[in-house]
Number of protein chains: 2
Amino acid sequence: MARPRTPLLSRERIVTAALQLIDAEGLAALSTRRLATELSVSGPSLYNHFATKDELLDAVVDSVMGEVDLSMFGRDAPWPAALRDWARSYRAALAAHPNIVPVLAQGPGRRPNALRLADAVFGCLVEAGWPRGQATRIGALMRYFVAGSALASFAAGFPEDAGVYDAADYPHLGEAHRLAEHRSAIDEGAFETGLEALLDGLLLRYERTVPRP
Amino acid sequence: MARPRTPLLSRERIVTAALQLIDAEGLAALSTRRLATELSVSGPSLYNHFATKDELLDAVVDSVMGEVDLSMFGRDAPWPAALRDWARSYRAALAAHPNIVPVLAQGPGRRPNALRLADAVFGCLVEAGWPRGQATRIGALMRYFVAGSALASFAAGFPEDAGVYDAADYPHLGEAHRLAEHRSAIDEGAFETGLEALLDGLLLRYERTVPRP
DNA sequence: ACCTGAACACCGTTCAAGT
DNA sequence: ACCTGAACACCGTTCAAGT
């Protein structure tokens, strides 16, 4: 067939299909050939739109970042409230696509939405009176916490069969096999507890170090 | 040659070589064939010791977990101090092997060292008077923070060329290209700031909710 | 510019064969 | 029990060829 009159593919169509595949079958299921098949196209076609598979994955991550709400930073709410809302929105975006989270390891890179996000958080903190160095650190540590909560989903990995938890080896884990029953509730609770602790701790530091306006 | 008198391989030798390869050249460089070559052995030999590549990766992660110091939990230090020491040791272990961090996504699974670690933290908190539900959450959220700090190394991904940060697009990131210069210092500072904030916040909660002994 | 089929070097894994 | 070579189905990517 060669080149069609109207292009069969676009970066956007490819990214959408890739994310769907990753969501449905996991990161390992995403091969360029499989993805091409899903798009009714031959394997090498993708290389007209992305130079490498890594570049495609980068775009997929950035599309997830694009789902994160940043509007709370434009409403001059107090910074802890804005940070709380943003962290929840960020976590919700990652939790909706858990299989992509390991790819976050590459850092913000050149992804426009990731940079927009970093910019918004940093701007909010500086405007609130945080010194720029502190604002950088706080932006980073909030990202740590959110990314970690999406990556290291705690309950998810505990085997469900009680036999694993030999009492002699793990004296305190006797009921850990029950965790799997309500894993998402535990992750949610741990996230909320950690978020509040983090904000409380940061507020203490703020009162100690930032002069009143 | 077939079977040698004394085995050429062992799980331990394979895990050590795999971690070395991952540290030196990244996760993508670890193929079963490449690893086998590194061990002067033919590809399929590994399957006498691990059922799949995933099982091997699991063992590699657990060996890193084995580097985490847990001795602070046996010294009846106050729980915030023990948690602080443990978090630092945990982070140091992951920072020493950053390329393996994405694999943590699989959760503690059946990895004995990961389970031992979860057990120690949980036990310390329960002994300090935290209700079991809270202790579970706190163990999880501490892991989130540490895993996230190793995964989402904030500064690492910022491109070094200033041209990326068009002032119109990212009004607050004008100096972000300088981050790369001292990325590890920033990550370290963000981790320490977050850790203190987290512990301060948890201590507040402790004083509010846990009755004095 | 954008798609195709053929091709290259490389995967993870299975299996029969050897000792 | 533990290693080997051969084989299978599958990768990411390149490239010349087509419109």
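In this text, all values refer to a predicted model and were calculated from it rather than measured experimentally.

Thresholds, definitions, all that
Positions within a chain are numbered from 1, following the residues in the order the chain's sequence is written. Naming scheme: in the order in which they are written, chains are lettered from A and ligands are numbered from 1. At least 70 in pLDDT is required for a residue's local features to be given in this predicted model, at least 80 for side-chain atom pairs to be given and counted, and no such filter applies to totals for whole chains, interfaces and linings, which use all residues. Excluded from the side-chain calculation are hydrogens and water; included are all heavy atoms of the structure. We call Phe, Tyr and Trp rings a pair once their centres come within 6.5 Å, taking the six-membered ring for Trp, and we label the pair stacked below 30 degrees between planes, edge-to-face above 60, and tilted otherwise. Each helix corresponds to a stretch of at least 4 residues labelled H or I by DSSP, and each strand to a stretch of at least 2 residues labelled E; elements are numbered beginning at the N terminus. Relative accessibility decides the category of a residue: with a 1.4 Å probe and only protein chains considered, values under 20% of the type maximum give buried, values over 50% give exposed, and everything between is partly exposed. Where a domain begins and ends is set by an automatic assignment or by a domain database. Contacts are assigned to residue pairs that have any heavy atoms within 4.5 Å of one another. Salt bridges are defined as contacts in which a side-chain nitrogen from Lys or Arg sits within 4 Å of a carboxyl oxygen from Asp or Glu. Counted as a polar contact is a pair of N or O atoms within 3.5 Å, where, for protein atoms, one must be capable of donating a hydrogen and the other of accepting one, and residues adjacent in sequence contribute only when both atoms are in side chains. Three categories are distinguished: nonpolar for Ala, Val, Leu, Ile, Met, Phe, Trp, Tyr, Cys and Pro, charged for Asp, Glu, Lys and Arg, and polar for the others, with Gly belonging to the last. Put simply, a residue is near a molecule or strand once any heavy atom of it comes within 4 Å of that molecule or strand. Under this scheme, a helix contributes an axis fitted over its contacting stretch, all axes are lines through C-alpha atoms, and angles between N-to-C directions fall in the 0 to 180 degree range. For classification purposes, angles smaller than 35 degrees are called roughly parallel, those larger than 145 roughly antiparallel, those between 65 and 115 roughly perpendicular, and all remaining angles oblique. Each crossing is labelled by how the near helix is turned from the far one, with a counterclockwise turn of less than a right angle marking it left-handed and a clockwise turn marking it right-handed. Confidence scores per residue from the predictor, reported as pLDDT, run from 0 to 100. In plain words, nonpolar cores are sets of buried Ala, Val, Leu, Ile, Met, Phe, Trp, Tyr and Cys residues tied together by side-chain atoms within 4.5 Å.

A. Spotlight on the packing of aromatic side chains. This structure, assessed with the given rule, holds 14 aromatic pairs over all chains. Consider the rings of Trp130(A) and Tyr206(A), whose centres lie 5.2 Å apart with planes at 50°: the pair is tilted. On the criterion of sequence distance, the pair formed by Trp130(A) in the loop between helix H5 (112-127) and helix H6 (132-151) and Tyr206(A) in helix H7 (residues 183-209) is long-range, its members being 76 residues apart. An identical accessibility class is assigned to Trp130(A) and Tyr206(A); each is buried. Measuring from ring centre to ring centre gives 6.2 Å for Phe145(A) and Tyr144(B), while their planes differ by 55°; the resulting arrangement is tilted.

B. A look at the domain arrangement of chain A. Residue and element names in this part refer to chain A. When its domains are assigned, chain A resolves into domain 1 (11-51) and domain 2 (70-209). Listed as interface residues are five residues of domain 1 and, on the opposing side, five residues of domain 2. Taken together, the connections running from domain 1 to domain 2 amount to zero salt bridges. For the pair domain 1 and domain 2, the number of links is two residue pairs in polar contact (both at pLDDT 80 or more). Among the residues forming the side of domain 1 that touches domain 2, the class breakdown is three nonpolar, one polar and one charged.

C. Layout of the protein's contact with DNA strand D. Of all residues adjacent to DNA strand D, which total 23 residues, the nearest are Thr32(A), Arg33(A), Tyr47(A), Arg3(B) and Ser45(B). Here DNA strand D approaches the protein such that, of its atoms within 4 Å, sugar and phosphate make up 53%. A distance of 3.3 Å separates a phosphate oxygen of DNA strand D from a polar atom in the side chain of Ser31(A). In this structure, a base nitrogen belonging to DNA strand D sits 2.6 Å away from a side-chain N or O atom of Arg3(B).

D. Broad picture of the protein's contact with DNA strand C. Neighbouring residues of DNA strand C: 23 residues in total, closest Arg3(A), Ser45(A), Thr32(B), Arg33(B) and Tyr47(B). What you see for DNA strand C is that sugar and phosphate hold 54% of its atoms within 4 Å of the protein. One of the backbone nitrogen or oxygen atoms of Lys53(B) is found 2.9 Å away from a phosphate oxygen of DNA strand C. A per-class count over the surface near DNA strand C returns 11 nonpolar, seven polar and five charged.

E. Structural context of the packing of helix H4 (residues 79-95) of chain A against H5(A). All names here are of chain A. With their axes 10 Å apart at the nearest point, H4 and H5 run at an angle of 160° to one another. As summarised for this structure, H4 and H5 are arranged roughly antiparallel, according to the angle between their axes. Of the two possible hands of crossing, H4 and H5 adopt the one that is left-handed. From H4, Trp 79, Ala 82, Leu 83 and Trp 86 reach across to H5, where they touch Leu 117, Val 121, Cys 124 and Leu 125. For the contact of H4 with H5, a count of residues per class yields eight nonpolar, no polar and no charged.

F. A look at the side chain of His97(A). Residues and elements named next belong to chain A. Mapped onto the fold, His 97 is located in the loop between H4 and H5. His 97 gets classed as buried once you look at its relative accessible area, which sits at 9%. Setting aside chain neighbours within four positions, we find His 97 in contact with Leu 19, Asp 23, Val 64 and Glu 67.

G. Examining the confidence of the model for chain A more closely. Residues with a pLDDT of 70 or more make up 86% of chain A, whose mean pLDDT is 89. Between the elements of chain A, mean pLDDT differs from a low of 93, seen in H5(A), to a high of 98, seen in helix H2 (residues 32-38) of chain A.

H. Expanded view of the pattern of salt bridges. Under the definition given, this model contains 18 salt bridges over all chains. A salt bridge links Arg208(A) to Asp200(B); the shortest N-O distance between them is 3.8 Å. With Arg208(A) in helix H7 and Asp200(B) in helix H7 (residues 183-209), this pair bridges two chains. By relative accessible area, which is 23% here, Asp200(B) ends up partly exposed. Among the ionic pairs, Arg88(B) bridges to Glu192(B), the shortest N-O distance being 2.9 Å. Here the residue Arg88(B) occupies a position in helix H4 (residues 79-95), and Glu192(B) occupies one in helix H7, the gap between them amounting to 104 residues. Judged by relative accessible area, which is 22%, Glu192(B) ranks as partly exposed.

I. Main features of the environment of Ala87(B). Along the polypeptide, Ala87(B) turns up in helix H4. Ala87(B) gets classed as buried once you look at its relative accessible area, which sits at 0%.

J. Just unusual backbone geometry, in detail. Residue and element names in this part refer to chain A. Non-glycine residue Ser 40 carries a positive phi angle of around 55°. Here Ser 40 is to be found in the loop between H2 and helix H3 (53-65). With a relative accessible area of 66%, Ser 40 lands in the exposed category.

K. Quick look at the nonpolar core. Grouped together as the largest cluster of nonpolar side chains are 132 residues, with contacts concentrated most on Leu83(A), Trp86(A), Met142(A), Leu83(B), Trp86(B) and Met142(B). Contacts of Leu83(B), omitting those with residues within four sequence positions, involve Phe73(B), Val121(B), Leu125(B), Ile138(B), Met142(B) and Leu199(B).

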